[in-house]
Amino acid sequence: MTLTEYLKKSDSLTASQLASSLGVSAGRITQLKADGADWPAHLAMDAEKLTEGALDAAKLSSAVKRARE
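Owing to the predicted nature of the structure, the values given are computational and were not obtained by experimental measurement.

**Student:** Give a detailed account of unusual backbone geometry, specifying residues and quantitative values.
**Tutor:** You will see that Glu52, though not glycine, has its phi angle at about 55°, which is positive. Relative to the assigned elements, Glu52 resides in the loop between α4 (41-50) and α5 (57-60).

**Student:** Pulling in residues and values, what's your account of the side chain of Ser61?
**Tutor:** For Ser61, the location among the structural elements is in the loop between α5 and α6 (62-68). For Ser61, a relative accessible area of 2% puts it in the buried group. Setting aside anything within four residues of it in sequence, one finds Ser61 in contact with Asp38, Trp39, Pro40, Ala41 and Ala44.

**Student:** Summarise the nonpolar core; cite the residues concerned and give the values.
**Tutor:** Counting 16 residues, the largest nonpolar core has Leu3, Leu22 and Trp39 as its most contacted members. Only α1 (3-8), α2 (15-22), α3 (26-33), α4 and α5 provide two or more residues apiece to this core. What Leu22 contacts, discounting residues up to four positions off in sequence, is Ile29, Trp39, Leu43, Asp46, Ala47 and Leu50.

**Student:** Which residues make up the side chain of Glu48, and what values go with them?
**Tutor:** Structurally, Glu48 can be placed in helix α4. Within the local environment of Glu48, its side chain forms a polar contact with the backbone nitrogen of Ala57, the two atoms lying 3.0 Å apart. A distance of 2.8 Å separates a polar atom in the side chain of Glu48 from a polar atom in the side chain of Arg68.

Rules of the game
Residues numbered from 1 in each chain as written. Predicted model: local features only at pLDDT ≥ 70, side-chain atom pairs only at ≥ 80, totals over all residues. Heavy atoms only, no water. Helix = DSSP H or I, 4+ residues; strand = E, 2+ residues; numbered from the N terminus. Buried < 20%, exposed > 50% of the residue type's maximum accessible area, 1.4 Å probe, protein only. Contact = heavy atoms within 4.5 Å. Core = buried A, V, L, I, M, F, W, Y, C linked by side-chain atoms within 4.5 Å. Polar contact = N/O pair within 3.5 Å; in protein donor to acceptor, adjacent residues only side chain to side chain.

Right under this line is the structure:
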């Protein structure tokens, strides 16, 4: 699921909550919402853990995808 899809879910964290929990700015979350955004591996892994797998790190970060192949 993309970040945009995740944020539309009624039971998801808000963009502000996600930013705060990941230690990034709200502006950085906006950048990461862009289609095709390649997340830094550490942020993708943290987001996957934080969302209990709703956000798949391998789908967010090409580095994570390569490491998991």
